[in-house]
Amino acid sequence: PPRSTRKESSAASDVYKRTELILEKNQNQKLQTEVQLQTKSLQEAIKEISSQKEALRQTNELKNKLFSLVAHDLRAPLNNLSVFVQLLDVDNFDKEKRALILNDTKSSLMDGIIVIDRLLHWSYSQLEGINVEKTSLKIENVVSDIKKELKSSIDSKKVTFSGSLEAPTILFDDNMFRVIIRNLLSNAIKFSNENSKIFISSFKDENKVSVSIKDEGIGMNPDWYESLIKEGKPAVKKGTKGEKGKGFGLLISKDFAEMNGGKLLCESGEGIGTTFTIEIPHGEEVVK
């Protein structure tokens, strides 16, 4: 064929090859993009599955803890109630003896109620089942209500109360604050010796309002939370009359303080008592 025809044919062939290369490159880029998208989707799916697996593990761990706590912490007060009811069924008790048994029955019943209350609040907080609803609270009113609930324990230890409330009102979730005060006050009574004092106070500075409960009891490890994280579970410690505790009350209190924007602090030492303080930042957290 003529030279011009060969040149045209060669040029056409080159154009075809370049077009083919461009198409192939585009196709490869599309495939690469698709692979990247699929890989990303797969990674996200794996991450989601891993997250669900971890959530399931935590839920199962929580369930096991709850079962364990119910089995151990509720068994004692329920057994005591059973014994007391059987004793009351005996007719030959005098009035004074019957009054003592009734008082012990009330104490065991209150212990069981407190345990159930702590377990429920702690489990709800762990499962993110509680919403924070802040409201204006008078600290004195809350403390007065909790004292009435714990009257049996207070009378048993013959503890007295002192302190001043320089910051009488705070903005906090009502139920959560009551749970915190109940837990801290119950612990203060549990680890106090007979005829000792418990100091309840509140004050404010430029940055925060602080609510403190201080006892003169046997003391504890002030780094209780760090120890808990290290050990993986709360430590069991007996009160001055053999009262048992699993430490979950403090966990609940810590969680609830943080859910309201504050924090829970501990100062303590063996034989010198313990002070727990709830710190609430200024701003919305404090009402004058």
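None of the values given here were measured: they were computed from a predicted structure.

Caption draft 1: A look at the overall build of the chain. Within the chain, the secondary structure is distributed over 8 helices and 7 strands. Each of the 288 residues in the chain was classed as buried or not, and the buried ones make up 33%. Contacts spanning at least 24 positions in sequence make up 75% of the contacts within the chain whose residues lie at least 6 apart. Roughly 18300 Å² of accessible area belongs to the chain as shown, and the carbon and sulfur atoms make up 53% of that amount.

Caption draft 2: Examining the confidence of the model for the chain more closely. Mean pLDDT over the chain works out to 77, with 69% of the residues at or above the 70 mark. The spread of mean pLDDT over the elements of the chain runs between helix α2 (residues 75-88), the lowest at 67, and strand β2 (residues 160-162), the highest at 95. pLDDT under 50 marks residues 284-288. Its contacts with residues more than four places away, or in other chains, come to 14 contacts.

Caption draft 3: Local environment of helix α4 (residues 139-149). Among all positions of α4, only I139, V142, V143 and I146 are buried. Looking down the long axis of α4, one finds its buried residues gathered within 95° of arc, a one-sided arrangement. Away from its buried face, by an angle of more than 90 degrees, α4 presents the exposed residues E140 and K148. On its buried face, α4 is in contact with β1 (134-138), β3 (169-173), α6 (174-190), β4 (197-204) and β5 (208-215).

Caption draft 4: Representation of the packing of aromatic side chains within the structure. The tally for this structure, following the rule as stated, stands at 1 aromatic pair. Against the face of F161 rests K147, its NZ or CZ located 4.2 Å from the ring centre.

Caption draft 5: The environment of D104, seen in detail. Mapped onto the fold, D104 is located in helix α3 (residues 95-126). According to the relative accessible area criterion, D104 is partly exposed, its value standing at 37%. Expressed as a C-alpha distance, the spacing of D104 and S156, which sit 52 residues apart in the sequence, is 9.7 Å.

Caption draft 6: Region of interest: the pairing of β4. With 3 bridges joining them, β2 and β4 adopt parallel strand pairing. Across the sheet, residue F161 finds its bridge partner in β4, namely I198. One ladder, built from 7 bridges, connects β4 with β5; its direction is antiparallel. Its bridge partner being in β5, F199 is matched across the sheet by K214. Where β4 hands over to β5, the hairpin turn is made up of 3 residues, counted between the paired strands.

Caption draft 7: Structural view of helix α8 (residues 248-259). For α8, spanning 12 residues, the distance from its first C-alpha to its last is 16 Å, which sits close to the expected 16 Å at 1.5 Å a residue. With 10 of 12 residues buried, α8 is to be regarded as a mostly interior element. All buried positions along α8 are accounted for by F248, G249, L250, L251, I252, S253, K254, D255, F256 and A257. Positive backbone phi, approximately 85°, marks G261, located one or two places after α8.

Caption draft 8: Geometry of the nonpolar core. Counting residues in each nonpolar core, the largest one holds 38 residues, and the members touching the most others are F177, I181 and I278. Elements with a minimum of two residues in this core: α4, β3, α6, β4, β5, α8, β6 (263-269) and β7 (273-281). Take this core: its biggest share by element is 9 residues, from α6. Apart from the residues within four sequence positions on either side, I278 is in contact with F177, I180, I181, L184, V209, S210, V211, A257, K263 and L264.

Caption draft 9: Quick look at the environment of V211. Relative to the elements of secondary structure, V211 occurs in strand β5. Taking C-alpha positions, V211 is 6.7 Å from E279, a pair spaced 68 residues apart along the chain. Apart from residues lying up to four places away in sequence, V211 is in contact with I139, F177, I181, S201, S202, F276, T277 and I278.

Caption draft 10: Geometry of the sheet that holds β4. The strand order β2-β4-β5-β7-β6 describes an open sheet built from 5 strands, whose pairing is mixed. Edge positions in the sheet fall to β2 and β6, since each has one partner strand and no second. This sheet shows a mean twist of 15° between the axes of neighbouring strands, independent of strand direction.

Conventions adopted
- Residues numbered from 1 in each chain as written.
- Predicted model: local features only at pLDDT ≥ 70, side-chain atom pairs only at ≥ 80, totals over all residues.
- Heavy atoms only, no water.
- Helix = DSSP H or I, 4+ residues; strand = E, 2+ residues; numbered from the N terminus.
- Buried < 20%, exposed > 50% of the residue type's maximum accessible area, 1.4 Å probe, protein only.
- Contact = heavy atoms within 4.5 Å.
- Areas by Shrake-Rupley, 256 points an atom, 1.4 Å probe, with all protein chains shown as cover.
- pLDDT = per-residue confidence, 0-100.
- Arc of directions from axis to C-beta.
- Phe/Tyr/Trp six-rings, centres within 6.5 Å; stacked < 30°, edge-to-face > 60°.
- Lys NZ or Arg CZ within 6 Å of the ring centre and 35° of its normal.
- Pairing = 2+ DSSP bridges.
- Expected span 1.5 Å × (residues − 1).
- Core = buried A, V, L, I, M, F, W, Y, C linked by side-chain atoms within 4.5 Å.
- Axes fitted to C-alpha atoms, helices over the stretch in contact; angles between N-to-C directions.

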